[in-house]
Amino acid sequence: MSDYAHITSVPSASTDTGRHTSPRALPAWAAPAALGAVLVLSAVLYGWALGSLGWGNSYYSAAVKSMGQSWTNFLFGSFDPAGVVTVDKPPAALWPQVISSKIFGMHGWALILPQVLEGVATVLVLHRTVRRWAGEGAALVAALVLTLTPITVAINRDNNPDTLLVLLLVSAAYALTRALQAEGRAATWWLCASGFLIGCGFLTKMLAAWMVVPAFAIAWLVGGSGAWIPRVRRLLGAGAILAASSLWWVAMVALWPGDRPYIGGSEDGSAWDLVIGYNGLGRVFGSSDGAPQGMGGGGGGGGFAGGFGGEYGLTRMFDTQVGGQISWLLPLCAVAMVVAVVVAVLHRRGKLPASALLPASGWLLWGTWLVVCAAVYSSQKGIFHPYYTTQLAPAIGALCGGLTAALVRVHRAGLRWAPLAGVTGVAVSVVWAVVLIRREPDWNGWLVWPVLLVGCAAVALLVLSRRHGRLPTVAVGAALASVLVAPGAWAVSVPGSTGMGGSNPTAGPQTPGFGGGGGMPRQSGNGGGLPSGMPSGMPSNMPGLPGAGGSSGQSDEPSSGGMPSGMPSGMPSGMPTGGANGMPGAGSGGAPGGRAGLGSGELTADQRKILKYAVEHAPDARIKLAVEGGALSASGFILGTDETVIGMGGFTNSDNAPSVAQLKEWTKNSELRYILGSDTSGGSRPGMSGGYTEQRSDWIADNCTKVPASSYGGTSSQADDDGATGLMGGNVLYDCAAK
């Protein structure tokens, strides 16, 4: 049976004694004004000082520029202007950025502007969705919680795909809520629209969008209109729409009749392999060192993921790297789900009127959404970044809003335990906030005191509200403030941070190292050395890393920002760390204080000399320069010049793009002459072994001639001062003219 009747507006409950009366009505303008204030707050947090963010994640920024140069590049998401290899995601999240760059020009802020608008739109759509389920007050709470989620603020100020993914999933939740309220054909249309929007989310981050499907299916089966068989039939129809809207791009890649880019991250160049492998099972179960799933890293407690989001397991959402990003209100969400069950049981026993209930479908939608996504990310053994957890934020906001509405209704129905449940929620949230703050006492440790003060005030007001009917509004406000003080402070700190890394944006206390200048949450333990799980192929004397010789002038203080565990054996030596752009895409591009080089979106002086030399000596070549070391080694060339430059090997340098056969054909036809590669001295780069990377490196060593640095005005020591080098990047120019 549908719970549609419970979704419509319900008057306040009262007891026979008349002790609990309905609160005085607020002015008609109050709710729109409150919503407007929340939206303005979100716009300020997400959009403040966009010009200071540089290129964000230069990997995607370079792709945006390349995609704007041809329709084929646009459709497939090509990383380079020559259309050799795509990014390792579907292109949908980058399409708005391409359009924005065409309107405003190729600027970093123009690429992040769509992200800001999408983030604000998500807050609005979540408000509209929760309002239909639990009322205006709950909707405002949900919108405010989402706005002040620290990791959501961080990712909405970046150009990663997650922002559009969350908007599409929340929009799908709105469509589902409309379907639950509708009857007949209207319900079918709204349900199919929900499936379509989830499918559009698939085109941003593939299977990440499908994690919410169980929540949508359960909510519809429990709360949908009509008999069971028609309800299931409608669900299957929506599933067909979801599959079609998800997989049309995959089918197009497979059936494309002409030349197209190699699909980055795949083993065989197909989109289907990307879905199942690198962006699918490879993320969940990890991958062996050096495989195309590349940086997945196998066993040993979290693999490569351990450096970004801690070891996988039940406690990952609460650990040092992730806890401060998303977990502030997870204990409160647990209280919310317990309250939902208790209220449902009391209603079935006749102790609560129907007006005191919120629809079960809403609890199931948001509760299952949260549990499934948290479970997947907690158990994910492959690549994991803390910013993935922004997908949990809408569910957290909705559950907090639902808890608020449920307790207010129960209290007005005359049950005295409702304020005590509120006290429990405030207590667990405040205690957990204190734990998170105390983990980094040197970073705004003073927050402990306002959190405790406001929490105690909220507890006192909630206890008093058991006897005074007019206190709940004030008590609810104090309770909301007590649980949002700490995450709000973390969220507000993001726009003022100068160290947020583009490839791994985070909020709160940060440290230089892997992920860029502050791009990775501070880690503890390990004495500042390399984290556990480093594969045997990694050299022990990597410059710039803790414990390495010649560490670029860094102090001897223990550093927790070293290399993450489980780095694949194909990773080279000489990996730079620290600074705004120490790792791929980790910098803020052209942001003040950033340095040119790998992942910065800017070229060093030596790189400019190399490119100028290549262009002058091969003016008719279709590809002016090919850069060894993966896409990020080439991002600065693509963003910093209009010449056709490609990065070999895709994001991880392990893709078969270009293949050795392509290199032979290009050099034979004079389409390519110069390659910026490694000083292999006749062999593969130190620390690299096997696979397509070694094949290309061996071919370069056997078929190309080194160009002396003096020929283009470079210096023999450029490899030591990081002038033209970078993670997996090349430092030697090769002339591959056909012999």
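What you see is a predicted model; the values in this text were computed from it and never measured.

**Remarks on the state of the cysteines**
What is meant by a disulfide is a covalent connection between two cysteines, made through their sulfur atoms.
In step 1: Applying the stated criterion across every chain yields a total of one disulfide.
In step 2: Here Cys-704 is linked by a disulfide to Cys-736, with a sulfur-sulfur distance of 1.9 Å. The sign of the S-S torsion, about 110°, decides the handedness of the disulfide formed by Cys-704 and Cys-736: right-handed. Of the two residues, Cys-704 is situated in the loop between α26 (691–703) and β6 (705–706) and Cys-736 in the segment after β7 (732–735); the sequence distance between them amounts to 32 residues. Taken as a pair, Cys-704 and Cys-736 share a single burial class, namely buried.
In step 3: Summary of cysteine pairing: Cys-333 is not part of a disulfide, and the nearest cysteine sulfur, belonging to Cys-400, is at 4.3 Å.
In step 4: Taking relative accessible area as the criterion, Cys-333 reaches 0% and is therefore assigned buried.

**Section: the packing of aromatic side chains**
In step 1: By the definition in use, this model includes 21 aromatic pairs.
In step 2: Considering the side-chain rings of Tyr-377 and Tyr-388, the 6.0 Å spacing of their centres and the 45° angle between planes classify their relative orientation as tilted. Highlighted residues: Tyr-377 in helix α18 (residues 360–379) and Tyr-388 in the loop between α18 and α19 (393–412), separated in sequence by 11 residues. This pair shows no difference in class: Tyr-377 is buried, exactly as Tyr-388 is.

**Considerations on the sheet that holds strand β4 (residues 645–647)**
Sheet strands line up and pair through hydrogen bonds in the backbone, either parallel or antiparallel.
In step 1: Taken together, the five strands give an open sheet; going across it, the order is β4-β3-β5-β7-β6, and neighbouring strands pair in mixed fashion. Only two strands of the sheet have a single neighbouring strand rather than two, namely β4 and β6.
In step 2: As paired strands, strand β3 (residues 625–627) and strand β5 (residues 674–677) are joined by two bridges and run parallel to one another. Bridge pairing links Ala-626 to Ile-675 in β5.

**A short note on the environment of Gly-313**
In step 1: Mapped onto the elements of the fold, Gly-313 is located in the loop between α15 (306–309) and α16 (323–326).
In step 2: We classify Gly-313 as partly exposed; its relative accessible area is 24%.
In step 3: For the pair Gly-313 and Ser-378, spaced 65 residues apart in the sequence, the C-alpha separation amounts to 5.3 Å.

**Some thoughts on the packing of helix α12 (residues 213–223) against helix α13 (residues 228–255)**
The relative placement of two packed helices is expressed as an angle between their axes plus a distance between the axes.
In step 1: Where α12 contacts α13, the axes come no closer than 10 Å and their chain directions differ by 155°. Judged by the inter-axis angle, α12 sits roughly antiparallel to α13. Once α12 is placed against α13, the crossing between them reads as right-handed. Of the residues in α13, those in contact with Val-213, Ala-217, Trp-220, Leu-221 and Val-222 of α12 are Trp-228, Arg-231, Val-232, Arg-234, Leu-235 and Leu-242.

**Some points on helix α7 (residues 136–147)**
In step 1: Taking 1.5 Å of rise per residue, 12 residues should cover 16 Å, and α7 covers 16 Å from first to last C-alpha, within 8% of that figure.
In step 2: Of the residues making up α7, those classed as buried are Ala-138, Ala-139, Leu-140, Val-141, Ala-142, Ala-143, Leu-144, Val-145, Leu-146 and Thr-147.
In step 3: Contacts made by the buried residues of α7 are with α2 (30–47), α6 (108–134), α8 (150–155), α19 and α22 (472–496).

**Comments concerning the packing of helix α21 (residues 448–464) against α22**
In step 1: Following both chains from N to C, one finds α21 and α22 inclined at 155°, their axes separated by 8 Å at the closest point. On the basis of their axis angle, the class for α21 and α22 is roughly antiparallel. The crossing of α21 and α22 is left-handed. Judged by residue contacts, Val-451, Val-454, Gly-455, Ala-458, Leu-461 and Leu-462 of α21 engage Val-474, Ala-475, Ala-478, Ala-479, Ala-481, Ser-482, Val-485 and Ala-486 from α22.
In step 2: Broken down by class, the residue content of the contact of α21 with α22 amounts to 12 nonpolar, two polar and no charged.

The rules behind these values
Residues numbered from 1 in each chain as written. Predicted model: local features only at pLDDT ≥ 70, side-chain atom pairs only at ≥ 80, totals over all residues. Heavy atoms only, no water. Disulfide = S-S within 2.5 Å. Helix = DSSP H or I, 4+ residues; strand = E, 2+ residues; numbered from the N terminus. Buried < 20%, exposed > 50% of the residue type's maximum accessible area, 1.4 Å probe, protein only. Phe/Tyr/Trp six-rings, centres within 6.5 Å; stacked < 30°, edge-to-face > 60°. Pairing = 2+ DSSP bridges. Axes fitted to C-alpha atoms, helices over the stretch in contact; angles between N-to-C directions. Parallel < 35°, antiparallel > 145°, perpendicular 65-115°, else oblique. Left-handed = near helix turned anticlockwise from the far one by under 90°. Contact = heavy atoms within 4.5 Å. Expected span 1.5 Å × (residues − 1). Nonpolar A, V, L, I, M, F, W, Y, C, P; charged D, E, K, R; others polar.

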